[in-house]
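Examining the three-dimensional arrangement
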Amino acid sequence: MGGAPGWLSQLPTDGRFLAGAAVLVIVTVLLRLLLQAGPRGRALRAFVHALEGSVLALLLAVMIFLSFLQVVLRNLFDTGLLWIEPLLRHLLLWVGVVGAAFASRSGRHINVDALSRLLPATGMRLARVATNLFAATVTLFLAHACFKLAHEEMQSPSAAFLSVAVWQVQLVMPLAMLLMSSRFLGHGIEAIQGRGLHPETPGEVPV
Amino acid sequence: MSWFLAPLLALLALLGAPLFTIIACITLIAFATNGIDTTSVAIEMYRMAHSMLIAIPLFTFAGYLLSEGGAPRRLVRVSRALLGWVPGGLALVALVACAVFTAFTGASGVTVIAMGGLLLPALRAEKYDDRFTFGLLTTSGSLGLLFPPSLPIILVAYVTSVSVDQLFVAGVLPGILLLLVLGTYAVQTARRTGVPRQYFSWHELVRAVRGAAWELPLPFVVLGGIYSGKVTVTEAASLTAVYALVAEVLIYRDIKLRDLKHLFTESMVLVGGILIIVGAALGLTNYLIDAEVPTRLFEWIETWIGHRFVFLMLLNVFLLIVGCMMDIFSAILVVMPLILPVAQAYEVNPVHLSILFLANLEIGYFTPPVGLNLFIGSFRFGKPVMELARASLPFLGLYLLVLLVLTYLPGLSLWLVQAFGVR
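Residues numbered from 1 in each chain as written. Chains lettered and ligands numbered in written order. Predicted model: local features only at pLDDT ≥ 70, side-chain atom pairs only at ≥ 80, totals over all residues. Heavy atoms only, no water.

**Overview of the overall build of chain A**
A tally of helices and strands in chain A yields seven helices and two strands. Counting helices and strands in the order they occur from the N terminus, chain A gives α-α-α-α-α-β-β-α-α. Dimensions of chain A along its principal axes, counting C-alpha atoms only, are 60 × 40 × 35 Å. Buried residues in chain A amount to 45% of all 207 residues. Sequence-distant contacts in chain A: of pairs separated by 6 or more residues, those separated by 24 or more amount to 79%. With the model as given, the accessible surface of chain A reaches about 9900 Å², and the carbon-plus-sulfur share is 70%. In chain A, 15 side chains carry a positive charge and 10 a negative one; their mean positions are 11 Å apart. (Helix = DSSP H or I, 4+ residues; strand = E, 2+ residues; numbered from the N terminus. Buried < 20%, exposed > 50% of the residue type's maximum accessible area, 1.4 Å probe, protein only. Contact = heavy atoms within 4.5 Å. Areas by Shrake-Rupley, 256 points an atom, 1.4 Å probe, with all protein chains shown as cover. Lys, Arg positive; Asp, Glu negative; His and termini not counted. Charge placed at Lys NZ, Arg CZ, Asp CG, Glu CD.)

Here's what the structure looks like:
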């Protein structure tokens, strides 16, 4: 089973991780805000958007294919591949967190915004600042919790499916949380600056 | 939790903070103040990699595909050819089409958007009263939550550990009762307001069926597979996804290949939104159960309420409030595990409880002031929320009536399960 590379398993898991992660998130956001003005920043943004979308689409495509393969094998040939089921479960984890990260880029998380709809423009802006900064903080702590889990797994690696270790699959969790944190912080700063949130595709179904 | 944190978090939630961050924040604080390592939050989150939930992305994708393809149009055409000649036929069409559609897409907001757009002009052209039309379209969005293979049923089964096959059977009679009651009202209204009747035409029926020939078998394949026990729910979800893909992209070609990637991504953004709530809620639930909150809740309630009858009534009131304040997924994941042990102490059957829970959330979708479908409807039809809320009132009354029947006739939820010996 794959052990973790030295630098990864030696990362601190205490408060120092939190501090480092916070710095990382803030620097990322500042860089993004600086770059955003220029055409290169926009191109980078579009590239990340497309890349993330492709990853999501690919994850789903693999899920559909493998689950269908399993149905065919089980019902027509009375056999099956043992690794498909655990692989599907871990793909689900990836879809969940990558999808959630994607949802944060355009503020499309499930929420109850009963109150903010009734507020005047300034109140709405304040609400966006407060909720986004709050979400950025929580996801930062979640990144810490998720990293600690993956880190514990690294100490005694076990197999998730085939020859992939559980910690390798789990690493997506802290990464996605950091990405979400930086996105929420970015939205918060944009709200402070008074710039609007531009949904990727207008008229999206608000479910 | 300290006294100022709860109102602060409630405020943040109402201001529009993502629900999973609220739930995760409560969990993190609860764990930290009780000296439990926060790694547990992540351990619980990792549990979202559960075999039963694999059905969620597959069904959601199939629902997106069907709603973006021509399925709503063809479904309405077939039901219109079948039911259009009945007085109030088009209203019945709306009810049936919305129920089928919500069951398959699982997210009723999608139904209001897709079906509302199709049915609104048709209902208006047939001179249905505007108020009736808006009420019908806003409330029918959640109709169908009780029918398989709706996502909320799968989630309820997941948190209650009731078998999903049982719930798929248990929801059928309550769902049909709801359809019958609303259908009767629709027919009565159409008669009273003198909506002209359509002629029945075999010719049109044959053409409509032929047009939808590739989609009509889908419900039978899925439901037949599940009810016969030949395939599991996950397998049924996989079959649905592949079937919808073949039908919409290869046969009907309503969806171009180049648009497909966008649909893949979009559907998974919704799934990500649901799953991250699942992940965050699992931790909170686990903490609350470890802290014996349900037991204490029961002891507290028991001092006030002695009888199951009263308990069930108050449960409905409570769940209606939950349904209009919370979104359906977090309600299922956070509230259901708390209620389940309490209800069991009052000897309420878990299957019956699950159906009541779903029926209440179904109603909560359009209960003012914050029912989600009121807002989606307002966005789709360009009408003020309050006007839609007023238009929904007669329907709300009927839903509540059915809810009462479901509450005090557990047999409606349990009879089919027992009759067929579903496990």
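Picking up where we left off.
**Re the overall build of chain B**
Along the backbone of chain B there are 22 helices and zero strands. Against the globule reference of 22 Å for 423 residues, chain B gives a C-alpha radius of gyration of 22 Å, in line with a compact fold. For chain B, the C-alpha atoms occupy an extent of roughly 70 × 45 × 45 Å along the three principal directions. By the burial criterion, 61% of the 423 residues in chain B qualify as buried. If you take every contact in chain B between residues at least 6 apart in sequence, the share linking residues at least 24 apart comes to 79%. Only carbon and sulfur atoms are counted for the fraction: they give 67% of the accessible area of chain B, which is about 16400 Å². Distance between charge centres in chain B, computed from 24 positive and 22 negative side chains, equals 15 Å. (Rg over C-alpha atoms; globule rule 2.2 N^0.38 Å.)

**Observations regarding the interface of chain B and chain A**
Counting residues at the interface gives 69 residues for chain B and 64 residues for chain A. On the chain B side of the contact with chain A, Leu 15, Tyr 46 and Val 269 of chain B bury the most area, a combined 11% of that side's loss. Linking chain B with chain A are three salt bridges. Of the charged contacts in the structure, one is a salt bridge between Arg 108 of chain A and Glu 266 of chain B, with a shortest N-O distance of 2.6 Å. Put simply, chain B and chain A have 13 residue pairs in polar contact (both at pLDDT 80 or more) between them. Breaking the side of chain B that touches chain A down by element, the ones donating at least two residues are α1 (5-14), α2 (19-33), α3 (39-46), α4 (55-68), α7 (108-125), α14 (233-251), α15 (257-290) and α20 (372-381) of chain B. Here the residues of the side of chain B that touches chain A sort into 49 nonpolar, 14 polar and six charged. (Buried area = accessible area lost by both parts, 1.4 Å probe. Salt bridge = Lys/Arg side-chain N within 4 Å of Asp/Glu carboxyl O. Polar contact = N/O pair within 3.5 Å; in protein donor to acceptor, adjacent residues only side chain to side chain. Nonpolar A, V, L, I, M, F, W, Y, C, P; charged D, E, K, R; others polar.)

**Considering α20 of chain B**
Residues and elements named next belong to chain B. By the criterion of burial, α20 is predominantly enclosed, with seven of the ten residues buried. Restricting attention to buried positions, one finds in α20 the residues Asn 373, Leu 374, Phe 375, Ile 376, Gly 377, Ser 378 and Phe 381. Positive backbone phi, at 65°, marks Gly 382, one or two positions downstream of α20.

**Quick look at the nonpolar core**
Counting 223 residues, the largest nonpolar core has Leu 142 of chain A together with Val 278 and Phe 311 of chain B as the members making the most contacts within it. Once residues within four sequence positions are removed from consideration, Val 278 of chain B is found in contact with Leu 53, Leu 155, Tyr 158 and Leu 333 of chain B. Val 78, Ala 81, Ala 208 and Ala 212 of chain B belong to the second largest nonpolar core, which has five residues in total. (Core = buried A, V, L, I, M, F, W, Y, C linked by side-chain atoms within 4.5 Å.)

**A look at the packing of helix α2 (residues 15-36) of chain A against helix α3 (residues 39-76) of chain A**
Residues and elements named next belong to chain A. α3 packs onto α2 with a crossing angle of 120° between their chain directions and a minimal axis gap of 6 Å. Between α2 and α3, the angle is such that the two are oblique. On α3, the residues touching Arg 32, Leu 35 and Gln 36 of α2 are Gly 41, Arg 42, Leu 44 and Arg 45. Each residue belonging to the contact of α2 with α3 can be placed in one class, and the counts come to two nonpolar, two polar and three charged. (Axes fitted to C-alpha atoms, helices over the stretch in contact; angles between N-to-C directions. Parallel < 35°, antiparallel > 145°, perpendicular 65-115°, else oblique.)

**Describing the packing of aromatic side chains**
All names here are of chain B. Tallied over the full model, the rule gives 15 aromatic pairs over all chains. With a centroid separation of 4.7 Å and an interplanar angle of 50°, the aromatic rings of Phe 61 and Phe 264 are classed as tilted. Pair noted here: Phe 61 is in helix α4 and Phe 264 is in helix α15, with a separation of 203 residues, a long-range link. When sorted by exposure, Phe 61 lands in the same class as Phe 264, which is buried. Members of the aromatic cluster, connected to one another through ring pairs, are Tyr 128, Phe 132, Tyr 185 and Phe 395. For the cation-ring pair, Arg 74 lies above Tyr 252, with the distance from its terminal atom to the ring centre recorded as 3.6 Å. (Phe/Tyr/Trp six-rings, centres within 6.5 Å; stacked < 30°, edge-to-face > 60°. Lys NZ or Arg CZ within 6 Å of the ring centre and 35° of its normal.)

**Regarding the pattern of salt bridges**
In the structure shown here, the tally under the stated rule is 15 salt bridges over all chains. Taking the shortest distance from any N to any O, the salt bridge between Asp 14 of chain A and Arg 16 of chain A comes out at 3.3 Å. Notably, a salt bridge pairs Arg 47 of chain B with Glu 44 of chain B, separated by 2.4 Å at the nearest N-O pair. Given a relative accessible area of 40%, Arg 47 of chain B falls into the partly exposed group. Under the relative-accessibility criterion, Glu 44 of chain B is labelled buried at 8%. Overlapping salt bridges, with partners in common, bring together Arg 74, Glu 215, Glu 248 and Asp 254 of chain B in one network.

**A closer look at unusual backbone geometry**
All names here are of chain B. For the bond from Pro 148 to Pro 149, the omega torsion is 0°, close enough to zero to count as cis. Structurally, the position occupied by Pro 149 is in the loop between α8 (130-139) and α9 (151-160). The phi angle at Glu 347 is positive, at roughly 60°, despite the residue not being glycine. You can see Glu 347 is positioned in the loop between α18 (328-345) and α19 (350-364). Relative accessible area serves as the criterion here: at 64%, Glu 347 is assigned to the exposed category.

**As for the environment of Leu 205 of chain B**
The topology assignment puts Leu 205 of chain B in helix α12 (residues 202-211). As for Leu 205 of chain B and Tyr 227 of chain B, which are separated by 22 residues in sequence, their C-alpha atoms are 28 Å apart.

**A closer look at the environment of Ser 142 of chain B**
Residues and elements named next belong to chain B. With respect to the element layout, Ser 142 can be found in the loop between α8 and α9. For Ser 142, a relative accessible area of 0% puts it in the buried group. Between the alpha carbons of Ser 142 and Phe 357 there is a distance of 13 Å; along the sequence they are 215 residues apart.

**Considering the confidence of the model for chain A**
All names here are of chain A. Averaged over every residue, the pLDDT of chain A is 84; the share at 70 or more is 92%. Per-residue pLDDT, averaged within each element of chain A, yields its smallest value for helix α1 (residues 6-9) (77) and its largest for helix α4 (residues 84-105) (93). Across residues 198-207 the pLDDT falls below 50, and counting only partners more than four positions away or on other chains, this stretch makes 21 contacts in the model. (pLDDT = per-residue confidence, 0-100.)

**A short note on a negative patch on the surface**
Together, Asp 290, Glu 292, Glu 299 and Glu 302 of chain B give the surface a local cluster of negative charge. Relative to the elements of secondary structure, Glu 302 of chain B occurs in helix α16 (residues 293-302). (Patch = residues over 30% accessible without salt bridge, like charges linked within 9 Å, V, L, I, M, F, W, Y side chains within 5 Å.)

**A closer look at the side chain of Thr 240 of chain B**
All names here are of chain B. In this structure, Thr 240 sits in helix α14. In this structure Thr 240 comes out as buried when scored by relative accessible area, which is 0%. Apart from the residues within four sequence positions on either side, Thr 240 is in contact with Phe 59, Ala 62, Phe 104, Leu 218 and Val 222.

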